[in-house]
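# Architecture and fold: a report
Letter by letter, the chains look like this.
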Amino acid sequence: MRSNMKWHIKGLLFENCSCQLICPAHISFKNVCNHDRCRGHWAFHIDEGRVADVMLDSLNIVVVFDSPVQMYSGNWTQVFFMDERATEPQRDALEMIFSGKAGGPWETLAKFVSNQLTTRIVPMEFEDAGKTKRLLIPDVFETTVSAIRGSDGDKHAVLSNLHNVIHGPEHVLARGKTRCTDSDFNFVLQKTHGLYSKFSWTG
């Protein structure tokens, strides 16, 4: 698949990392995270997507990462967990987008990655329960993020007017919990930084 093909993709992005609410790196990668490393994930459910004639609708992908305390310094290690329902052309398209080879927001983030591990093709179970988002990879990975209530007790607490290359314009604040037991990543997060938004990218 050629990297110069036109493409678009949109859907739900939800994340959880080891920082307390709010992750300093979400505001700027130049900020220092809360612990000795920042470990976490970005999970994506694609509502609609297309690269040339390859459709990506309803697929899932998770990017799991481990970075230095200042993410801007680079030297990230990351891996893609990709939905086993994806065909080979769909896998190629997703790899192209999330590696940054197709341009778009991941071209920026890829500059910080020094160790890109081999993609895992796995079964995934995704659930969008309104204020709670979940994704399960049996025996390897599970994550849940739940929205924080706003001051009125009903609407979400949100961030807006914040520059972020992968999230949509409004970020819903959440608490997350994640368990990852991959051979290269092994961590547990409880009630730490979480967010979700609707994203839309083109390239």
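Look a little higher up for the structure.
Summary of the structure given here. (Residues numbered from 1 in each chain as written. Predicted model: local features only at pLDDT ≥ 70, side-chain atom pairs only at ≥ 80, totals over all residues. Heavy atoms only, no water.)

### Considerations on the overall build of the protein chain
Tallying secondary structure elements over the protein chain gives three helices and 13 strands in all. Relative to a compact globule of 203 residues, whose C-alpha radius of gyration would be 17 Å, the protein chain shows 16 Å and is just as compact. Put simply, the protein chain has 203 residues, and 51% of those count as buried. Relative to all contacts within the protein chain whose residues are 6 or more apart in sequence, the contacts with residues 24 or more apart total 66%. In the structure as shown, the protein chain presents an accessible area of about 9,500 Å², 47% of it carried by carbon and sulfur atoms. (Helix = DSSP H or I, 4+ residues; strand = E, 2+ residues; numbered from the N terminus. Rg over C-alpha atoms; globule rule 2.2 N^0.38 Å. Buried < 20%, exposed > 50% of the residue type's maximum accessible area, 1.4 Å probe, protein only. Contact = heavy atoms within 4.5 Å. Areas by Shrake-Rupley, 256 points an atom, 1.4 Å probe, with all protein chains shown as cover.)

### Focus: the environment of Ile137
Take Ile137: it is sitting in strand E9 (residues 132-137). By relative accessible area, Ile137 is classed as buried at 1%. Residues Ile137 and Ile22, 115 residues apart in the sequence, show an inter-C-alpha distance of 26 Å. Contact partners of Ile137, with chain neighbours within four places excluded, come to Phe81, Val122, Pro123 and Met124.

### Some remarks on unusual backbone geometry
With an omega dihedral of 0 degrees, the bond running from Leu21 to Ile22 counts as a cis peptide bond. Positive phi, close to 60 degrees, is recorded for Asn75, a residue that is not glycine. You can see Asn75 is positioned in the loop between strand E4 (60-68) and strand E5 (76-83). A positive phi is found at Lys191, a non-glycine position, where the angle reads about 55 degrees. Within the secondary structure layout, Lys191 lies in strand E13 (residues 186-202). Residue classification places Lys191 among the exposed residues on the basis of a relative accessible area of 63%.

### Focus on the nonpolar core
Core analysis: the biggest nonpolar cluster contains 39 residues, and Trp42, Phe44, Leu56, Ile97, Phe98, Trp106 and Trp201 have the highest contact counts within it. Setting aside its immediate chain neighbours within four residues, Trp106 contacts Trp42, Phe44, Val63, Ile97, Phe98, Ser99, Gly100, Ile166 and Trp201. Counting 22 residues, the second-largest nonpolar core is a separate cluster that includes Met124, Leu135, Ala147 and Cys180. (Core = buried A, V, L, I, M, F, W, Y, C linked by side-chain atoms within 4.5 Å.)

### Re the packing of aromatic side chains
All told, the structure shown has 19 aromatic pairs when counted by the stated rule. For the ring pair Phe29 and Phe112, a centre distance of 5.3 Å and an interplane angle of 80 degrees mean the geometry is edge-to-face. Placement of the pair is Phe29 in the loop between helix H1 (24-27) and strand E2 (37-51) and Phe112 in the loop between helix H3 (105-109) and strand E6 (113-116), with a sequence separation of 83 residues. Judged on exposure class, the residue Phe29 and its partner Phe112 are both buried. Here Phe98 and Trp106 contribute two aromatic rings whose centre-to-centre distance is 5.3 Å and whose plane-to-plane angle is 45 degrees, an arrangement assigned as tilted. Accessibility expressed as a relative area gives 1% for Trp106, which makes it buried. Put simply, the rings of Phe29, Trp42, Phe44, Phe65, Tyr72, Trp76, Phe80, Phe98, Trp106, Phe112, Phe199 and Trp201 touch in pairs and so form one group of aromatic residues. Across from the ring centre of Tyr72, 5.0 Å away, lies the NZ or CZ of Lys30, which sits over that ring. (Phe/Tyr/Trp six-rings, centres within 6.5 Å; stacked < 30°, edge-to-face > 60°. Lys NZ or Arg CZ within 6 Å of the ring centre and 35° of its normal.)

### Overview of the side chain of Thr132
Within the secondary structure layout, Thr132 lies in strand E9. If near-sequence neighbours (up to four positions away) are discounted, Thr132 is found in contact with Glu127, Thr144, Val145 and Ser146.

### Digging into the side chain of His171
Relative to the helices and strands, His171 is located in strand E12 (residues 170-181). On the basis of relative accessibility, which here comes to 0%, the residue His171 falls in the buried class. Looking at His171, its side chain comes within polar contact range of the main-chain oxygen of Gly168, at 2.8 Å. Excluding its chain neighbours within four sequence positions, the residues that come into contact with His171 are His26, Ala157, Val158, Leu159, Leu162, Asn164, Leu195, Tyr196 and Ser197. (Polar contact = N/O pair within 3.5 Å; in protein donor to acceptor, adjacent residues only side chain to side chain.)

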